[in-house]
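Okay, here's what each chain looks like letter by letter:
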2 protein chains.
Amino acid sequence: MSSEEFTVTPWSVEGDIDYDKLMQKFGTEKISPELEARIEKITGEMHPMLKLGYFFSHRDLDKVLTEYEKGNKFYLYTGRGPSGKIHMGHLLPWIFTKYLQEKFDVNLIFQLTDDEKFLYSDGKSMDDVSKFTQENILDIIAIGFDPKKTKILIDTKDIKRIYPISLEIAKRVTYSTVKAVFGFENSTNIGMIGFPPIQAAPCFLPSIIEGRPTPVLIPAAIDQDPYWRVTRDIAEKLGYPKPAQIHSKFLPGLGMQGKMSSSIPETAIFTTDDDGIIDKKISSTFTGGQPTVELQRKLGANYSICPVFWYLRYFFDTEKESDERARKCKSGQLLCGECKSNLKDATKPFLSEFKKQREKAKDQVDKFMFD
Amino acid sequence: MSSEEFTVTPWSVEGDIDYDKLMQKFGTEKISPELEARIEKITGEMHPMLKLGYFFSHRDLDKVLTEYEKGNKFYLYTGRGPSGKIHMGHLLPWIFTKYLQEKFDVNLIFQLTDDEKFLYSDGKSMDDVSKFTQENILDIIAIGFDPKKTKILIDTKDIKRIYPISLEIAKRVTYSTVKAVFGFENSTNIGMIGFPPIQAAPCFLPSIIEGRPTPVLIPAAIDQDPYWRVTRDIAEKLGYPKPAQIHSKFLPGLGMQGKMSSSIPETAIFTTDDDGIIDKKISSTFTGGQPTVELQRKLGANYSICPVFWYLRYFFDTEKESDERARKCKSGQLLCGECKSNLKDATKPFLSEFKKQREKAKDQVDKFMFD
């Protein structure tokens, strides 16, 4: 990597990410204190993921709130590419999406892009992807979305519902555009080139379901933004509102640098990992610490690059606890072993409860499907 | 047009076509007398469209016959892009396809690429295309295909059935390939780029329906060949037989040059035209004749570029009658008015009967649909 030192596309997040630069590069807006205050006024509380800046950037969130205040409810739309098992990093935006669904009392469309993950993988068969799809659905349901207000859309299963919309989109997007936005090349397969409209289609599905222009808010990690940029450019030509977004950062993997990734299993704690594996993964993770205890006591450690710190901050610590942890880490008062131990103690009961919900989800799948 | 003087792609046929050059360019084979004899042996007769060279070129037709002789029946697969009304030029390959279905006693899949025609047109809405789709289905059924052995596949309606196959294909075709084969450019919309696998998918559907590798024979005008070239390249990687083809020439439009086209209405006799319109269109058509009767008597006329001659030859004349017509035309014994009059007299009762069948087809649509 040269001058920019990080790359973010929908398929790869690498390097040490400068989120301010990323917002500038993508042309998104920072969530301002004024916007936070408007959300707090409606929801009655400020979600920690907003307060801590895990959700940090947006497009048109203000417009969606203005419509909401006028009584025009939005739909939430988010998704998952079922390329592997679900890890804790995946859960954060879903937990936040559930909070939005509850507080705003709105519908959610959750898309599973099984077609995409088949097209973009070298080795996976459609059967492999279908297995992950079925497994991932259990994790989604386990989050606790409202079955009356949530539909899970599986591309290959529900293609008939989204294909006509995707054709309207595809007709209005040239190869030049996707080449520039997604970095497609001559060697790219034509399935990948033809795919973006399939991911864009659910942005317009709410307007079709409701029979009137219906705003859509997409909570998702910022690496998915290129899709919505293309979608926003053509939305109004098709008579639909531009989809709004609220962007999260990435949860660092246990190996740090870039996002937690199912494709490097040892960097991720999966929702199905047992206590032994959780202990082992956390014990052996990279941290922001010094090579020796002596040096750490003397120089302090670097929490800002430490996955243990961020896991604790986003999932388990209160803001106050986390700020205190940061201060102690920096000053050398805190050793990595203690943080790792805290993370183990918090993660095991959290995932134990999650696994129970995931088991219960097996009987609920039908409720979440489109007919 | 420069050195080659004609262009043939799935979307445009222009110029005076040299079919030998086209076979060479596309890499297809001429239907040999030996192959014709094999067909005649199985079917008991030699269809005039073969004998007259209207179907003139193929890929792997010999292999399909060999499998057939071993008891492994093929499926026929053909299609129609529903971009307008049906004219007589469209009917020729369909009539030939019906003959193949009857004589070989085989199943037929008839694809309507409504998605393609929407993506490739500047002005048409999906509603426009859907209307043509419904209208075109009546013409297809009116041909007399066996409802027990024929399924009409409408892309947007039956997308769920073909989407998984199209993904398998799309994953194995790069942008380089479609750029070279179809002439796609940076300004091409990504729907068009992503479309070829949708047209390729029905090549493999018979193997899926039958649960064993099932040969497929595609009767279609040679301008559709690029699709099958791409499909053939990947068929065996996917474990399916390479689709075989039998290629027709184009029926010249009443304005001549290139194929009869719905997009230039005055060059085509539509199946719904009434007698008055048929008379008018034939009266005013371009022919191979001389500017004056005197010159024609003296110099003779050019039947080879005359649509009236070819309409009569392919639809109505016996071979003997047609050869005699050609001789008289060339020698100046025959004037264009007489040929036009013959064509009018033959076309009106033919289309009158066709229109009756087309009316009856309205009650048969369901029988031809995939569930």
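Residues numbered from 1 in each chain as written. Chains lettered and ligands numbered in written order. Predicted model: local features only at pLDDT ≥ 70, side-chain atom pairs only at ≥ 80, totals over all residues. Heavy atoms only, no water.

Chain A goes by Tryptophan--tRNA ligase in an unreviewed UniProt entry, where it is assigned to Candidatus Nitrosotalea okcheonensis. We quote the UniProt Sequence similarities (unreviewed entry) comment for chain A here in full: "Belongs to the class-I aminoacyl-tRNA synthetase family." (UniProt positions renumbered as here; feature names shortened; annotations may be inferred.)

Peer 1: Explain the environment of W310(B) residue by residue, including any values.
Peer 2: Residue and element names in this part refer to chain B. Its location among the elements puts W310 in helix α16 (residues 307-316). Among the residues examined, W310 registers a relative accessible area of 17% and is labelled buried. In this structure the C-alpha to C-alpha distance between W310 and S322, which are 12 residues apart in sequence, comes to 9.0 Å. (Helix = DSSP H or I, 4+ residues; strand = E, 2+ residues; numbered from the N terminus. Buried < 20%, exposed > 50% of the residue type's maximum accessible area, 1.4 Å probe, protein only.)

Peer 1: Provide a residue-level description of helix α1 (residues 19-26) of chain B, including the pertinent values.
Peer 2: Residue and element names in this part refer to chain B. Among the residues of α1, Y19, L22, M23 and F26 are the ones counted as buried. Along α1, the residues classed as buried sweep out an arc of 100° about the axis, all on the same side. For α1, the N-terminal capping position is held by D18, with its side-chain oxygen 3.0 Å away from the main-chain nitrogen of D20. Trailing α1 by a residue or two, G27 shows a phi angle of about 75°, which is positive. (Arc of directions from axis to C-beta. Polar contact = N/O pair within 3.5 Å; in protein donor to acceptor, adjacent residues only side chain to side chain.)

Peer 1: Any chance you could break down the relation of the copies chain B and chain A for me, citing the residues and the numbers?
Peer 2: For these two chains of identical sequence, chain B goes onto chain A by a turn of 180° and a shift of 0.0 Å along the axis, with RMSD 0.0 Å. What we have between these two chains is a two-fold relation. Considering only C-alpha atoms, the residue of chain B closest to the rotation axis is G194(B), which sits at 2.3 Å. Comparing interface residues between copies, 100% of those in chain B also lie at the interface in chain A; the contact surface is shared. (Least-squares fit on C-alpha atoms with pLDDT ≥ 70 in both. Contact = heavy atoms within 4.5 Å.)

Peer 1: Please set out the pairing of strand β8 (residues 216-221) of chain B residue by residue, giving values where relevant.
Peer 2: All names here are of chain B. In terms of burial, β8 is a largely internal element, six of the six residues being buried. Residues of β8 alternate between two faces, with V216, I218 and A220 on one and L217, P219 and A221 on the opposite face, all of them buried. Of the strand pairs in this sheet, strand β5 (residues 75-80) and β8 are connected by two bridges, and their pairing is parallel. Looking across to β8, one finds that L76 is bridged to L217. In this sheet, strand β9 (residues 244-248) lies alongside β8 in parallel orientation, the contact comprising five bridges. Looking at the pairing, P219 lines up with I246 of β9. In this view, the connection linking β8 to its parallel neighbour β9 by way of helix α13 (residues 225-235) has right-handed handedness. (Pairing = 2+ DSSP bridges. Right-handed = clockwise from strand over helix to strand, strands pointing away.)

Peer 1: Tell me about the side chain of N72(B), residues and numbers included.
Peer 2: Residue and element names in this part refer to chain B. With respect to the helices and strands, the residue N72 is situated in the loop between α4 (61-69) and β5. At 2.8 Å, the side chain of N72 and the side chain of E67 are in polar contact. There is a polar contact of 2.7 Å between the side chain of N72 and the side chain of R212. Apart from residues lying up to four places away in sequence, N72 is in contact with E67, R212, P213 and P215.

Peer 1: Give me the sheet that holds strand β8 (residues 216-221) of chain A: which residues, what numbers.
Peer 2: Two modes of strand pairing occur in sheets, parallel and antiparallel, and in both the strands are linked by backbone hydrogen bonds. All names here are of chain A. If you walk across this open sheet you meet the seven strands as β3-β4-β9-β8-β5-β6-β7, and the pairing is mixed. Taken across any chain shown, the strands that pair with only one partner, and hence form the sheet edges, are β3 (29-30) and β7 (150-154). Against the sheet, helix α4 (residues 61-69) engages β4 (55-59), β8 and β9 (244-248), with an angle of about 125° to β9. Its contacts with the sheet place helix α13 (residues 225-235) against β4, β5 (75-80), β8 and β9, and it is angled at close to 165° to β9. (Axes fitted to C-alpha atoms, helices over the stretch in contact; angles between N-to-C directions.)

Peer 1: Before we move on, could you go through the state of the cysteines and cite the residues and values that matter?
Peer 2: Counted by the stated rule, this structure contains zero disulfides over all chains. Counting only cysteine sulfurs, C306(A) is the nearest neighbor of C336(A), a cysteine outside any disulfide, at a range of 6.0 Å. (Disulfide = S-S within 2.5 Å.)

Peer 1: Kindly report on the sheet that holds strand β7 (residues 150-154) of chain B, identifying the contributing residues and their values.
Peer 2: Judged by pairing direction, the sheet is mixed, and its seven strands sit side by side in the order β3-β4-β9-β8-β5-β6-β7 (chain B) without closing on themselves. Two strands lie at the open edges of the sheet, namely β3 (29-30) and β7 of chain B, each paired on one side alone.

Peer 1: I'd love a proper account of the side chain of T347(A), names of residues and values included.
Peer 2: Residue and element names in this part refer to chain A. On the secondary structure map, T347 appears in helix α18 (residues 336-361). Given a relative accessible area of 0%, T347 falls into the buried group. Apart from residues lying up to four places away in sequence, T347 is in contact with M88, I269, I278, I282 and F316.

Peer 1: Tell me about the nonpolar core, residues and numbers included.
Peer 2: Within the largest apolar cluster, 83 residues are counted, with the highest numbers of intra-cluster contacts made by I169(A) and I169(B). Not counting residues up to four positions away in its chain, the partners in contact with I169(B) are P197(B), A200(B), A201(B), F204(B), I234(B) and L238(B). (Core = buried A, V, L, I, M, F, W, Y, C linked by side-chain atoms within 4.5 Å.)

Peer 1: For the pairing of β4(A), give the residues involved together with the corresponding values.
Peer 2: Residues and elements named next belong to chain A. Of all the five residues making up β4, five are buried; the element is thus mostly covered by neighbouring parts of the structure. For β3 and β4, the ladder comprises two bridges, and the chain directions are antiparallel. Note on β4: the bridge partner recorded for E29 is H58.

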